[in-house]
Structure formats: C-alpha cells, structure tokens
Amino acid sequence: MEIRTKDYGIWYDPQQETVYCQGFLRLEGLDAYQPIINVLTEAIAQNNNLILDLQELEFLNSSGISMLSMFIVDIRNRGNVHLKVLGSKKVLWQSKSLKNLQRLMPTIDLEFI
Amino acid sequence: MEMTRDNQAELMDLQAENERLRQQVERLQQTNQDLLVTLETTALHGDIIEQQLEEANRQLQFEIGERQRRQAALQSLLNVISRQKSDLEVILQTTIEHGDAVETELADLNQRLEAEISERVEAEDKLRLILNTISKKKMDLEIILQTLIEHGDAVEAQWYNKAVEANILATIDNLTQIANRRKLDDYLAEEWARLGRDCLPLSFLLCDVDFFKTYNDTFGHQAGDRCLQEVAQAIAVTVKRPADLVARYGGEEFAVILPNTPLAGALQVGERIRQAIENLCIVQTPSCPNPYVTISVGVATAIPGQGMSIASLIAIADQCLYLAKQRGRNRVCNLTAASV
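The structure reproduced in this document is the subject of the present report. All values derive from a computational prediction rather than experimental measurement.

### Thoughts on the packing of aromatic side chains
Next up, step 1: Applying the stated criterion across every chain yields a total of 6 aromatic pairs over all chains.
Next up, step 2: For the pair Phe24 of chain A and Phe59 of chain A, a centre-to-centre distance of 6.3 Å together with 20° between the ring planes defines the contact as stacked. Highlighted residues: Phe24 of chain A in strand β3 (residues 18–25) and Phe59 of chain A in strand β5 (residues 57–60), separated in sequence by 35 residues.
Next up, step 3: A relative accessible area of 26% means that Phe24 of chain A is categorised as partly exposed.
Next up, step 4: Sitting over the ring of Tyr249 of chain B, Arg181 of chain B keeps its end group 3.9 Å from the ring centre.

Have a look at this one:
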C-alpha cells in the first residue's frame, strides 16, 4: 500500500497505524484519486484506529479535498473508527480546510504541529 | 104440585142464575170500566210515549245525519291519510333501502380510506426515513461544499502569496534589496509610454560608485557588498516620491527613474544623492582623492517619443556619467550643465 511519484507520496505504516501523505497532490477529478482512496480504505479495513499525517502535504487541490471529505463521511458512517489528523501550522490550506472536516465528523482528533 | 116445586126450583135456579148473571154483568161492567180507565190511561200514556218517541226519533235522525256527514268527512280524511301513509311507507322503504346502500358504500369507502391511511402512514414513515437520510447527506454536502470553497480560497491565497513572493524576488536585487535591472527596464518602458502620451518629461539618473574596484580590492568582497548595500539604501531613502524608482543597474551602478521631472529637478535629486553618499562616510582607501566613498551621477531628461528612444536616453545618461567621471568624480553631470 504505497504510491510514490515525483510529486507526491502516500503510504501506510501498520506499526504506526498511520497513512502519510506528502508533496503536491494535484490529480484531476475524483477518479484519479481512486488509488489514494484505496490506500485509505485498506488502512481502515485492517484497523479501527487511523492517523492521517498530512504535515508534509504542501498542496491538495479541490478534487483532493473532496476525496478526503467523502472518506471522512464514509468512516463516520461506519461509526467505530477513531481518526486522528495531523496537520501543519505552516501550510495555509491545512489550517483552513482541516477544521471543516471536523464539522463532518466531530470526533476527529485534529492536531496541528 | 110437583110442577110447582119444579118451577120453583127452576125459578130459584133462574133467580140464582140471574143473580150470578147480574153479578157477572156487574163484574163485567166494573171490568169494563176498569178497562176503559186503563184504556184511556194507556192511550194517554201511549200518546205521551209516542210523542216522546217521535221527538227522540227526530233527534236520532238528526244525529244519524250528522254522524253520516262526519263519517263521510272522516272517510275522506282517512282516504287522504291512507294515501299519505302509503306514500310515506314507500318513501320510508326507499329511504331505508337507499340508507342501506349508502351505508354499505360508506362502510366500503371507510374501509378503503382506512387502508389508504394505513398505507399513507407507512409511506410517510418511509419518506421520513428517506428525508432524514437525504437531510443528513445534504448537510454533509453543504459542509463539503463549504470545505471546498474555503479550501479553494486557501489554496488560491497560498499560491497567490507564493506568486507575489516570486514576483518580488524576480524584481528585487538580492544583495541591495532595491529593484533589479529587470524591474528597472519594465518600469522605464511603462513610464516612457505613459509620460509620452501626456508629453511630460522623464529624467533618468545613472550613478556609479567611484573607485569601487579599488575599494573592493582593498577591503574585500564582503566589505564591497556592504558598501553597495549602504549606497543603495541611501539612494532609496533620498528619492522620496512614490512614482520614483531606484534600481541596481549592474555591478556598482545604480539607476533612478524620476517620472514627470524636468532636468532642473533631476539635477537637484542627483545632487542630494551625491551628498547622501558622501555623508555615509564609508572610509575609502587612502590612495583615492576623497577620504570617503563617493558617487558620480549622470542625468538625462527627455519628453518620451519626441525623437528620443529609451536606449538613447540611457546612452545620454551614460555619457553624462562618463563626463562626471572625467571631470573628477563625486559630481552630477548632464550634457548642458557639466556639474552642479
């Protein structure tokens, strides 16, 4: 469960129960994000705890934030998942957009480092 | 004698008989009398009774007539009432039958309505469930939309800041933190076009640090860099108007654009710059004529487009700078006034 390109990297570390997202995610449309949704859903299939580490995700386009929003709705509907999201104070979009994800799923443990 | 006895006996008999007959006549007369009285009484009584009976009969006749009339009237009324009763019975029957039919229909209708209500209640429950689900989804979508909008804005701001930063970096000279040559060229072209439309003068100053190579060789590149930074900031502070631009032209050369400024004003600005650099008191090498770092300034003024190009304006400023250098440095020159 790992995707690495010159622009971005997504991978799951089972020991840390963490999915890491790094770099510039600028895929076109939700279909293009399917492999990334697969990484996330597979990670959550194995475990009810998940940490989503976005600290080094410098850029995420609108399709990407939509994908992330829908993933959050899915795990909220599943009901038994504890999700922690790690963001960076230095990345402007994270300080704006990640708080909105908490509106979709108030139990998200959101931490800005 | 025998005969007499017989006659006598007979006589006696006859007498007795006669007596008996007389008594009988008397009794009969009495009876007759009684009968007469009785007859008279009876006749009288009969008359009275007859009269009474006649009267009674008359009254009865009258009453019978009355009763017959009443009976006829009653019979007529009875007939009417009978017809009405018969009609009413038909009506009642019809009404009962109609009522039964209507009741049956109503019962059926009622059953159907109850079934329908039950179905509708079920449907309503289902719809409510669907509505709840849709409402939840709608709320989610609204939040996602909001997230998208804010995310879009944040990303836009992030890129915009980067673009502004990049733009600033592209137009700022890294060492001196004033405008670079690229910015100078762009701004000069813009102002040249703008002032040309309004037929207003543009002055261009070229400034060159005197004996900079000697300074650099003596004090080293780092000191040379610091010198250039101080000179650049001093020129920038001296040139005050917002539309003026100070830029690093290259090496130890600086340029100043003074839009809408005639030659006299430009010469004054040039002199203030020269003075400001001298006042910095940056110590120069002893081999130089001046104890402090100085600057030479060439000034060119033109109204854009009137037989003059940007290149020729710069060339004139360069010539003036050369002239200032030739005439001993630390001075401001233009083609008509050699030194101020």
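From this point, things continue past the structure.
### Regarding the side chain of Glu191 of chain B
Residue and element names in this part refer to chain B.
Next up, step 1: Within the secondary structure, Glu191 is located in helix α2 (residues 181–198).
Next up, step 2: By relative accessible area, Glu191 is classed as buried at 6%.
Next up, step 3: In this structure, Glu191 is in contact with Gly196, Leu202 and Pro259, ignoring residues within four places of it in sequence.

### Focus on the sheet that holds strand β5 (residues 332–333) of chain B
All names here are of chain B.
Next up, step 1: Judged by pairing direction, the sheet is mixed, and its 5 strands sit side by side in the order β2-β3-β1-β4-β5 without closing on themselves. Both edges of this open sheet fall to β2 (245–250) and β5, since each of them pairs with a single strand only.
Next up, step 2: Where strand β1 (residues 202–209) lies against strand β4 (residues 295–302), 8 bridges are found, and the strand directions are antiparallel. Note on β4: the bridge partner recorded for Asp208 is Ser296.
Next up, step 3: The sheet contacts of helix α4 (residues 221–238) involve β1, β2, β3 (253–259) and β4, and relative to β3 the element is tilted by about 10°.
Next up, step 4: Strands in contact with helix α6 (residues 310–326) are β1, β2, β3, β4 and β5; relative to β4, the strand with the most contacts, it is inclined by about 145°.

### Thoughts on α4 of chain B
All names here are of chain B.
Next up, step 1: Compared with an ideal rise of 1.5 Å per residue, which puts 18 residues at 26 Å, α4 spans 25 Å between its outermost C-alpha atoms and is within 8% of the ideal.
Next up, step 2: Along α4, the positions that sit buried rather than exposed are Ala223, Gly224, Cys227, Leu228, Val231, Ala232, Ala234, Ile235 and Thr238.
Next up, step 3: Taken together, the buried residues of α4 touch β1, α3 (212–219), β2, β3, α5 (263–280) and β4.

### Structural notes on the interface of chain B and chain A
Next up, step 1: Counting from both sides, the interface comprises 16 residues of chain B and, opposite them, 21 residues of chain A.
Next up, step 2: Counting the surface lost from both chain B and chain A, the interface buries some 1,600 Å², and carbon and sulfur atoms represent 64% of this.
Next up, step 3: At the boundary of chain B and chain A, one finds 2 salt bridges.
Next up, step 4: Applying the counting criterion to the chain B and chain A interface returns 7 residue pairs in polar contact (both at pLDDT 80 or more).

### Some points on the environment of Cys320 of chain B
Next up, step 1: Relative to the elements of secondary structure, Cys320 of chain B occurs in helix α6.
Next up, step 2: For Cys320 of chain B, the residues in contact, after removing those within four places along its chain, are Gly298, Val299, Cys333, Asn334 and Leu335 of chain B.

### Thoughts on empty space enclosed by the protein
All names here are of chain A.
Next up, step 1: Scanning the entire structure with this criterion turns up 1 cavity of 30 Å³ or more.
Next up, step 2: In this structure, the largest cavity occupies an estimated 40 Å³ of space.
Next up, step 3: Forming the walls of the largest cavity are Cys21, Leu25, Ile36, Leu40, Leu54, Leu57, Leu60, Met67 and Leu68.
Next up, step 4: For the lining of the largest cavity, the secondary-structure elements that each account for two or more residues are β3, α2 (34–46), β5 and α3 (62–78).
Next up, step 5: The residue inventory of the lining of the largest cavity, partitioned by class, reads 9 nonpolar, no polar and no charged.

### Here's the deal with a nonpolar patch on the surface
Next up, step 1: A contiguous nonpolar surface patch, about 490 Å² in accessible area, is contributed by Val102, Leu106, Leu109, Leu113, Ile117 and Val121 of chain B.
Next up, step 2: Note that Ile117 of chain B resides in helix α1 (residues 2–171).

### What about the pattern of salt bridges?
All names here are of chain B.
Next up, step 1: Summed over all chains, the structure comprises 25 salt bridges over all chains.
Next up, step 2: When the shortest N-O distance is used, the salt bridge between Asp210 and Lys325 registers 2.7 Å. In this pair, Asp210 sits in the loop between β1 and α3 while Lys325 sits in helix α6, placing the two residues 115 residues apart along the sequence.
Next up, step 3: For Arg274, the salt bridge identified is with Glu271, shortest N-O distance 2.9 Å. Separated by 3 residues within a single helix, Arg274 and Glu271 lie in helix α5, roughly one turn from each other.
Next up, step 4: One continuous salt-bridge network, built from bridges that share partners, spans Glu19, Arg22 and Glu26.

### Re the nonpolar core
Next up, step 1: In terms of nonpolar packing, the biggest core is built from 43 residues, with Val19 and Trp93 of chain A touching the most fellow members.
Next up, step 2: A total of 7 residues in this core trace back to one element, the largest contributor, which is α3 of chain A.
Next up, step 3: In this structure, Trp93 of chain A is in contact with Leu54, Leu57, Glu58, Phe59, Leu60, Ile65 and Leu98 of chain A together with His151, Ala154, Val155 and Gln158 of chain B, ignoring residues within four places of it in sequence.
Next up, step 4: Judged by nonpolar contacts, the second largest core, of 29 residues, contains Phe212, Leu228, Val231 and Ala266 of chain B.

### What to know about unusual backbone geometry
Note on backbone geometry: most residues besides glycine have negative phi, and most peptide bonds are trans.
All names here are of chain B.
Next up, step 1: For Gln177, which is not glycine, the phi torsion reads 60° and is therefore positive.
Next up, step 2: Inspection of the secondary structure assignment puts Gln177 in the loop between α1 and α2.
Next up, step 3: Phi at Asn260 is positive, roughly 55°, even though this residue is not glycine.
Next up, step 4: Summarising the element assignment, Asn260 is placed in the loop between β3 and α5.

Parameters at a glance
- Residues numbered from 1 in each chain as written.
- Chains lettered and ligands numbered in written order.
- Predicted model: local features only at pLDDT ≥ 70, side-chain atom pairs only at ≥ 80, totals over all residues.
- Heavy atoms only, no water.
- Phe/Tyr/Trp six-rings, centres within 6.5 Å; stacked < 30°, edge-to-face > 60°.
- Helix = DSSP H or I, 4+ residues; strand = E, 2+ residues; numbered from the N terminus.
- Buried < 20%, exposed > 50% of the residue type's maximum accessible area, 1.4 Å probe, protein only.
- Lys NZ or Arg CZ within 6 Å of the ring centre and 35° of its normal.
- Contact = heavy atoms within 4.5 Å.
- Pairing = 2+ DSSP bridges.
- Axes fitted to C-alpha atoms, helices over the stretch in contact; angles between N-to-C directions.
- Expected span 1.5 Å × (residues − 1).
- Buried area = accessible area lost by both parts, 1.4 Å probe.
- Salt bridge = Lys/Arg side-chain N within 4 Å of Asp/Glu carboxyl O.
- Polar contact = N/O pair within 3.5 Å; in protein donor to acceptor, adjacent residues only side chain to side chain.
- 1 Å grid on protein atoms, 1.4 Å probe; cavity = no way out; pocket = protein on both sides within 12 Å on 5 of 7 lines; lining within 4 Å.
- Points joined across faces, edges and corners; volume = space filled by probe spheres on them.
- Nonpolar A, V, L, I, M, F, W, Y, C, P; charged D, E, K, R; others polar.
- Patch = residues over 30% accessible without salt bridge, like charges linked within 9 Å, V, L, I, M, F, W, Y side chains within 5 Å.
- Areas by Shrake-Rupley, 256 points an atom, 1.4 Å probe, with all protein chains shown as cover.
- Core = buried A, V, L, I, M, F, W, Y, C linked by side-chain atoms within 4.5 Å.

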